[in-house]
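Chain by chain, the residues run as shown.
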Amino acid sequence: MEIDDTWVRELWPRVYALAYRMLGNAPDAQDAAQESLLKALERWEDWTGEGPRDHWTLRIATRVCLDALDGRKRMGQGHAGLEDLPATPAASAPEPVRDRLLACLEDLPPRQRAAFVLRDMQGLAFERVGEMLGCSSATTRVHLMKARLKLREVWIRRYGRPE
Amino acid sequence: MNPCDATLAALALEPEDGLAPDVRAHLSACAACRDAARDLVALRGMAGRSGVSAPEPDLDRLAAEGSRRQRREARRSWAGTLAAMAAGFLLGISLHQTPRPTEAPPPAPSREEIREAARRIKAALAPPRPMDRIVWAEPTCDPNVTITYTLPQGG
């Protein structure tokens, strides 16, 4: 298999960030990101040209992460551990806030978590979030609404009012 | 749904055209819902700022995994081809060993022939006809010959 070096390097940070936010720890994120890119390369010919290839790849990555979360749920596993979180760069939010967010997201069902990550953390447009999740716009809105309310509830229970 | 629940749902739904007048009216009157609105905005702000630093992609690992999958796929493909060939071979042998008719089958009997055969079978299976009733037996000059007068049974 020929690995397109440039394409992988360009897309890797976004796929990794999505996987990290969805799965909450570095080793799982690395595995999921690698799996997503390999799947995208394997199905390179399946891309219909509809929309950017990056979005198509992120959709594959979302599916890989949802499968991983569903797998965890089946196995009765929870969060893999915040000690695995990588060092935070200076430009991003202080580590505790991100870690807290990820810990709270752990309490959300996979699709609600994915909706929140894609919309509020990755900053994707609403329609894109629906595409990534493979559900209608109405269902996406419901997932997102429930995710935000649940996240607030969990945050307050754990850390008090967000500032 | 009570007004607070409806307001929370509206706040979390990210309305495209802003909040509806009744939601705004409720917010101005309800401190708990105003707090909830502030919480939701704060959480979204934190989420938007929570960056993730990705490590460098491990291209060697990716390439190795890609090659491994390609080999596995090739093996699968070869296994499939071999299985198909073996199946074809076995099918050929079984077809070869199946006895085949060497001459054409006889033509189907006509309707008349079938009727005649049915009649014969019926006759063969019919109960035996009872013996005729002898009403008179007359000796002749030949001791081996007797003239008999008979009537059918029941006649």
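Numbering of residues begins from 1 in every chain and follows the order in which that chain's sequence is written. Following the order in which they are written, the chains are lettered starting with A and the ligands numbered starting with 1. Where totals are concerned, whole chains, interfaces and linings use all residues; where local detail is concerned, this predicted model gives features only for residues with pLDDT of at least 70, and gives and counts side-chain atom pairs only at 80 or more. The side-chain figures draw on all heavy atoms in the structure; neither hydrogens nor water molecules are used.

Quick look at the layout of surface pockets now. Rolled over the atoms, a probe with the dimensions of a water molecule shows which regions are left empty. Residue and element names in this part refer to chain B. Of the grid points, spaced at 1 Å and generated over the protein atoms alone, those admitting a 1.4 Å probe that cannot get out make up cavities, while open sets with protein on both sides within 12 Å along at least five of seven lines make up pockets; any residue with an atom within 4 Å of a point is treated as lining. Grid points are joined across faces, edges and corners, and a volume is the space filled by probe spheres set on the points. Its boundaries defined by the atoms lining it, the largest pocket holds a volume of some 160 Å³. Leu 11, Ala 12, Leu 40, Val 41 and Arg 44 are, among the 11 residues lining the largest pocket, the residues nearest its centre. Segments assigned H or I by DSSP are reported as helices when at least four residues long, segments assigned E as strands when at least two residues long, and all are numbered from the N terminus. Put simply, the parts of the chain that give the lining of the largest pocket at least two residues each are α1 (3–12) and α3 (31–49). Counting residues per element, the lining of the largest pocket draws most heavily on α3, which supplies four residues.

Here the focus is the side chain of Arg 72 of chain A. Among the secondary structure elements, Arg 72 of chain A is positioned in helix α3 (residues 53–75). Two N or O atoms count as a polar contact when they lie within 3.5 Å, although within protein this holds only if one can serve as hydrogen donor and the other as acceptor, and sequence-adjacent residues are included solely when both atoms are side-chain atoms. At a separation of 2.8 Å, a polar atom in the side chain of Arg 72 of chain A contacts the side chain of Asp 28 of chain A.

Taken together, the buried positions of α1 of chain B are Thr 7, Leu 8, Ala 9, Ala 10, Leu 11 and Ala 12 of chain B. Those residues of α1 of chain B that are buried are in contact with α7 (137–159) of chain A together with α2 (21–29) and α3 of chain B. For α1 of chain B, the N-terminal cap is Asn 2 of chain B; the gap from its side-chain oxygen to the backbone nitrogen of Cys 4 of chain B is 2.9 Å. Downstream of α1 of chain B by a residue or two, Glu 14 of chain B has a phi angle that is positive, lying close to 60°. Here the term buried applies to any residue with accessible area under 20% of the maximum for its type, exposed to any over 50%, and partly exposed to those in between, with areas from a 1.4 Å probe on protein chains only. Contacts were defined at the residue level, with two residues in contact if any of their heavy atoms lie within 4.5 Å.

On the side of chain A, 43 residues touch chain B, which itself brings 34 residues to the contact. Note: buried area is the sum, over both parts, of the accessible area (probe 1.4 Å) each one loses when the two are combined. Three residues, Val 52, Leu 62 and Arg 69 of chain B, lead the burial of chain B against chain A; their summed loss comes to 16% of the area buried on that side. Here a salt bridge means any side-chain nitrogen of Lys or Arg lying within 4 Å of a carboxyl oxygen belonging to Asp or Glu. Between chain B and chain A we count six salt bridges in total. Where chain B packs against chain A, one counts 12 residue pairs in polar contact (both at pLDDT 80 or more). Sorting elements by how many residues they give to the side of chain B that touches chain A places α3 of chain B first, with 12 residues. Considered class by class, the residues forming the side of chain B that touches chain A number 17 nonpolar, six polar and 11 charged. Only Asp, Glu, Lys and Arg are considered charged, only Ala, Val, Leu, Ile, Met, Phe, Trp, Tyr, Cys and Pro nonpolar, and every remaining residue, Gly among them, polar.

Here the focus is the nonpolar core. Here, nonpolar core means buried Ala, Val, Leu, Ile, Met, Phe, Trp, Tyr and Cys residues that are tied together by side-chain atoms lying within 4.5 Å of each other. Among the nonpolar cores identified, the biggest contains 55 residues, and Tyr 16, Met 22, Leu 37, Leu 101 and Leu 105 of chain A are the most heavily contacted of them. Looking at this core, the element that brings in the most residues is helix α1 (residues 5–23) of chain A, giving 12 residues. Here Leu 101 of chain A is in contact with Met 121, Leu 151 and Trp 155 of chain A together with Leu 43, Met 46, Ala 47 and Ser 50 of chain B, once residues within four sequence places are set aside.

Multiplying one less than the number of residues by 1.5 Å gives the expected span of a helix. Its 15 residues place the ends of helix α5 (residues 111–125) of chain B 21 Å apart at the C-alpha level, agreeing with the 21 Å of an ideal helix rising 1.5 Å per residue. For α5 of chain B, the tally of buried residues reaches only zero of 15 residues, placing the bulk of the element at the surface.

Moving on: the pattern of salt bridges. Evaluated as defined, the whole model comprises 23 salt bridges over all chains. Among the salt bridges present, the one from Asp 107 of chain A reaches Arg 158 of chain A, with a minimum N-O distance of 3.4 Å. Of this pair, Asp 107 of chain A sits in the loop between α4 (95–105) and α5 (110–121) while Arg 158 of chain A sits in helix α7, and the two are 51 residues apart along the sequence. Across the salt bridge formed by Glu 116 of chain B and Arg 120 of chain B, the nearest N and O atoms sit 3.5 Å from each other. On the criterion of helical spacing, the pair formed by Glu 116 of chain B and Arg 120 of chain B is a turn pair, its members being four residues apart in helix α5. According to the relative accessible area criterion, Glu 116 of chain B is partly exposed, its value standing at 30%. With relative accessibility at 54%, the residue Arg 120 of chain B sits in the exposed group. Where salt bridges share partners, they join Arg 152 and Arg 161 of chain A together with Asp 35, Arg 38 and Asp 39 of chain B into one cluster.

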